[in-house]
Amino acid sequence: SLKAAKQVAVAPASPLDGVYGVDVSQPTSSSDFTCMKDKHAVSFVVIRSFTELGSPDPAVVDTARDARAAGVDVSVYHFPDTSQSASSQIRSDIDNLRNNGVDFDYLWLDVEHSDWGSNTTWNTLFIRELAEEAQAMGVRVGIYSSESQWGPITGNSEDLHNYPLWWPTYNYQPNFDGFRAFGGWNAPFMHQYKGNIDLCGAGVDVNWRA
């Protein structure tokens, strides 16, 4: 889950292959990022840029600036508000980032249980509209979801399988072992493999990509 992380201890990562990163939903400082980069080989962060309450996350601008200052690459994630227009909330999110000088690599659409209704066709069309509006604004888009979330929300739709998948499964393995195809995805782009931990004093989830 990309929801707020609790604080527990973690051992340093031992990066053998691939690239390690974190995601955050709380303000995180440049000293936190410098520590994560130096002690835990963290090279990227995915920062919440829009909340399910329907507006941009006020912390994203400073957190992104501090990550960049520490030499950590920045992406963002959008937690949808299904009570408002898909296209307008994407524009609000991306306009806020651009107007405040936030450079980012990917915008990830967070598809997990929240206020989704039971109409899987409507849900799928809503997610597609989010993705297509971001693409139309020149943004690289990905989907954050798991088999247990994607199935009930979209009816296991394969309509968005051309977007890269960020796969959350807390098996504590920085690899893609154990992935089962769903939604037309045969492999993920990135794995959120450890959740809700304390790293250098910051609450994070830990991610790996090949």
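Predicted, not measured: the structure shown is a model, and the values here were computed from it.

Draft legend 1. How the structure looks around the pattern of salt bridges. Taken as a whole and assessed by the stated rule, the structure comprises seven salt bridges. Put simply, R91 and E133 hold a salt bridge, and the shortest N to O gap is 3.4 Å. Of this pair, R91 sits in helix 3 (residues 86–99) while E133 is found in helix 4 (residues 120–136), placing the two residues 42 residues apart along the sequence. For E133, a relative accessible area of 18% puts it in the buried group.

Draft legend 2. A look at the state of the cysteines. The full count for this structure, using the stated rule, is one disulfide. One disulfide bridge connects C35 with C200, the sulfur atoms lying 2.0 Å from each other. What sets the handedness of the C35 and C200 disulfide is the S-S torsion sign, and at about -70 degrees it is left-handed. Of the two residues, C35 sits in helix 1 (residues 30–40) while C200 sits in the loop between strand 7 (190–199) and strand 8 (202–209), which places them 165 residues apart along the sequence. A relative accessible area of 22% places C200 in the partly exposed class.

Draft legend 3. Region of interest: the side chain of T154. In this fold, T154 is placed in helix 5 (residues 147–154). Note on T154: relative accessible area 4%, which makes it buried. The contacts of T154, once residues within four sequence positions are left out, are T120, T124 and I127.

Draft legend 4. Representation of unusual backbone geometry in the model. Not every positive phi belongs to a glycine, and A41 is a case in point at roughly 60 degrees. Mapping A41 onto the fold places it in the loop between helix 1 and strand 2 (42–50). We classify A41 as partly exposed; its relative accessible area is 32%. Residues other than glycine seldom take positive phi values, yet N196 does so here, at roughly 55 degrees. Positionally, N196 belongs in strand 7.

Draft legend 5. Geometry of the packing of aromatic side chains. Under the counting rule described, the total for this entry stands at 13 aromatic pairs. Ring geometry for W108 against W166: centres 5.6 Å apart, planes inclined by 70 degrees, an arrangement best described as edge-to-face. Of this pair, W108 sits in strand 4 (residues 107–110) while W166 sits in strand 6 (residues 165–168), and the two are 58 residues apart along the sequence. Exposure remark for W108: the relative accessible area of 1% places this residue in the buried category. According to the relative accessible area criterion, W166 is buried, its value standing at 0%. Relative to W208, the ring of F176 lies with its centre 5.0 Å away and its plane at 75 degrees, an arrangement referred to as edge-to-face. Placement of F176 in the loop between strand 6 and strand 7 and of W208 in strand 8 is noted, with a sequence separation of 32 residues between them. According to the relative accessible area criterion, W208 is buried, its value standing at 8%. Members of the aromatic cluster, connected to one another through ring pairs, are Y106, W108, Y144, W166 and F189.

Reading guide: rules and limits
Residues numbered from 1 in each chain as written. Predicted model: local features only at pLDDT ≥ 70, side-chain atom pairs only at ≥ 80, totals over all residues. Heavy atoms only, no water. Salt bridge = Lys/Arg side-chain N within 4 Å of Asp/Glu carboxyl O. Helix = DSSP H or I, 4+ residues; strand = E, 2+ residues; numbered from the N terminus. Buried < 20%, exposed > 50% of the residue type's maximum accessible area, 1.4 Å probe, protein only. Disulfide = S-S within 2.5 Å. Contact = heavy atoms within 4.5 Å. Phe/Tyr/Trp six-rings, centres within 6.5 Å; stacked < 30°, edge-to-face > 60°.

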